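What follows is each chain in one-letter form.
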Amino acid sequence: MDKDKRDLAKAETVYETGEITRTKVYKVSPKQKEGIDRLSVERLERLREEALPKIRERYEQMIRSRQQHLKNDDIGQHPVD
């Protein structure tokens, strides 16, 4: 019971006082922004190149699994778990 009261008081305190979030903001020149944007695009492209083969492999595994399941259903067999 005391823990519940303490938790409720804590929640009310956080709600009443709130929290201030601060973030440092740095000025970036247009040249620096262009460089950062280029790096971001390059990183995104690299991640996509790495992810696509993995996604394709999982998709093909899923297709093979479904085909095997359908084949087993047609024969009347059920896979053993």
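See the structure shown above.
Heads up: these notes are all about the structure in this document. (Residues numbered from 1 in each chain as written. Predicted model: local features only at pLDDT ≥ 70, side-chain atom pairs only at ≥ 80, totals over all residues. Heavy atoms only, no water.)

Moving on: the overall build of the protein. Along the backbone of the protein there are 2 helices and 0 strands. The buried share among the 81 residues of the protein stands at 2%. For the protein, the exposed area adds up to about 8800 Å²; of that, 54% sits on carbon and sulfur atoms. (Helix = DSSP H or I, 4+ residues; strand = E, 2+ residues; numbered from the N terminus. Buried < 20%, exposed > 50% of the residue type's maximum accessible area, 1.4 Å probe, protein only. Areas by Shrake-Rupley, 256 points an atom, 1.4 Å probe, with all protein chains shown as cover.)

One pass over the full model with this rule turns up 2 salt bridges. In this structure, Asp37 and Lys33 form a salt bridge, with 3.0 Å as the shortest nitrogen-oxygen distance. Here Asp37 and its partner Lys33 are both found in helix 2 (residues 30-75), 4 residues apart, which amounts to about one turn of the helix. Its relative accessible area of 37% is what places Asp37 among the partly exposed residues. We note a salt bridge from Arg38 to Glu42, for which the minimum N-O separation is 3.6 Å. (Salt bridge = Lys/Arg side-chain N within 4 Å of Asp/Glu carboxyl O.)

Turning to helix 2, a few remarks are in order. Compared with the 68 Å implied by 1.5 Å per residue over 46 residues, the 66 Å span of helix 2 between its first and last C-alpha is a close match. Along helix 2, the sharpest kink reaches roughly 25 degrees, centred on Ala51 and followed within four residues by the proline Pro53. (Expected span 1.5 Å × (residues − 1). Bend = angle between axes of the 7 residues up to and from the residue.)

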